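Survey of secondary and tertiary structure
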Amino acid sequence: MELLKLLNPFAKTSTSSKPMEDHTLYQIITLSHNYCGCIVHQDSVVIKLQSKEGKPVKILKENVRSIVVL
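The notes below deal with the structure included here. One numbering rule holds for all chains: residues counted from 1, following each sequence as written. At least 70 in pLDDT is required for a residue's local features to be given in this predicted model, at least 80 for side-chain atom pairs to be given and counted, and no such filter applies to totals for whole chains, interfaces and linings, which use all residues. Water and hydrogen atoms play no part in the side-chain values, which are based on all heavy atoms of the structure.

**What about the environment of Ile29?**
Secondary structure elements follow DSSP: runs of H or I no shorter than four residues count as helices, runs of E no shorter than two count as strands, and numbering proceeds from the N terminus. Inspection of the secondary structure puts Ile29 in strand β1 (residues 26–30). Spatially, the C-alpha atom of Ile29 lies 5.3 Å from that of Ser66, the residues being 37 residues apart in sequence. Filtering out sequence-adjacent residues up to four positions away, Ile29 remains in contact with Asn34, Asn63, Val64, Arg65 and Ser66. Any two residues having at least one pair of non-hydrogen atoms within 4.5 Å are treated as being in contact.

**A word on a nonpolar patch on the surface**
Nonpolar side chains (Val, Leu, Ile, Met, Phe, Trp, Tyr) within 5 Å and like charges within 9 Å form the patches, drawn only from residues with over 30% relative accessible area and no salt bridge. Values of accessible area rely on a 1.4 Å probe in the Shrake-Rupley scheme; residue burial ignores everything except the protein chains shown. Salt bridges are identified by distance alone: a Lys or Arg side-chain nitrogen within 4 Å of an Asp or Glu carboxyl oxygen. The grouping of Leu25, Val68 and Leu70 at the surface amounts to a nonpolar patch, some 230 Å² of accessible area in total. Along the chain, Val68 turns up in strand β5 (residues 64–69). Buried means the residue's accessible area, taken with a 1.4 Å probe over protein chains only, is under 20% of the maximum for its type, while exposed means over 50%, and partly exposed covers the values in between. Given a relative accessible area of 35%, Val68 falls into the partly exposed group.

**Section: the pairing of strand β2 (residues 34–42)**
Of the strand pairs in this sheet, β1 and β2 are connected by four bridges, and their pairing is antiparallel. Paired with Gln27 across the strands is Cys36, a residue of β2. Two strands are said to pair when DSSP picks up at least two bridges between them. The turn joining β1 and β2, which pair antiparallel and follow one another in sequence, is formed by three residues. Bridge count for β2 against strand β3 (residues 46–51) is five bridges, and the pairing is antiparallel. Residue Cys38 lies in a different strand from β3, and its bridge partner there is Gln50. Between β2 and β3, which pair antiparallel in sequence order, lie three residues.

**Observations concerning the environment of Ser51**
Within the element layout of this structure, Ser51 appears in strand β3. Relative accessible area serves as the criterion here: at 8%, Ser51 is assigned to the buried category. As a C-alpha pair, Ser51 and Tyr26 span 25 residues in sequence and 9.4 Å in three-dimensional space. In this view, Ser51 contacts Cys36, Gly37 and Val57; residues no more than four positions away in its chain are not counted. From its side chain, Ser51 meets the backbone oxygen of Lys55 in a polar contact 2.7 Å long. Distance and chemistry together define a polar contact, namely a pair of N or O atoms within 3.5 Å, with one atom able to donate a hydrogen and the other to accept it when in protein, and with adjacent residues in sequence counting only for side-chain atoms on both sides.

**What about the side chain of Thr30?**
Mapped onto the elements, Thr30 comes out in strand β1. On the basis of relative accessible area, Thr30 is assigned to the buried category, the value being 7%. Excluding its chain neighbours within four sequence positions, the residues that come into contact with Thr30 are Tyr35, Ile59, Asn63, Val64 and Arg65.

Next comes the structure, spelled out in structure tokens:
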């Protein structure tokens, strides 16, 4: 039983990815476009934005020039 307690930190845990609960509006300015909406998901490479028009947009972080909270 003590051995299981020691090995527990190394056990894989399943984490489910759920949408972010942040409803803050952002204006994201890229090299070629301006987007306005809520961030639904992001990782180290991409931001997924739910635009005001209802269309989800994937934005590469390397193309982002600025982000403004509205």
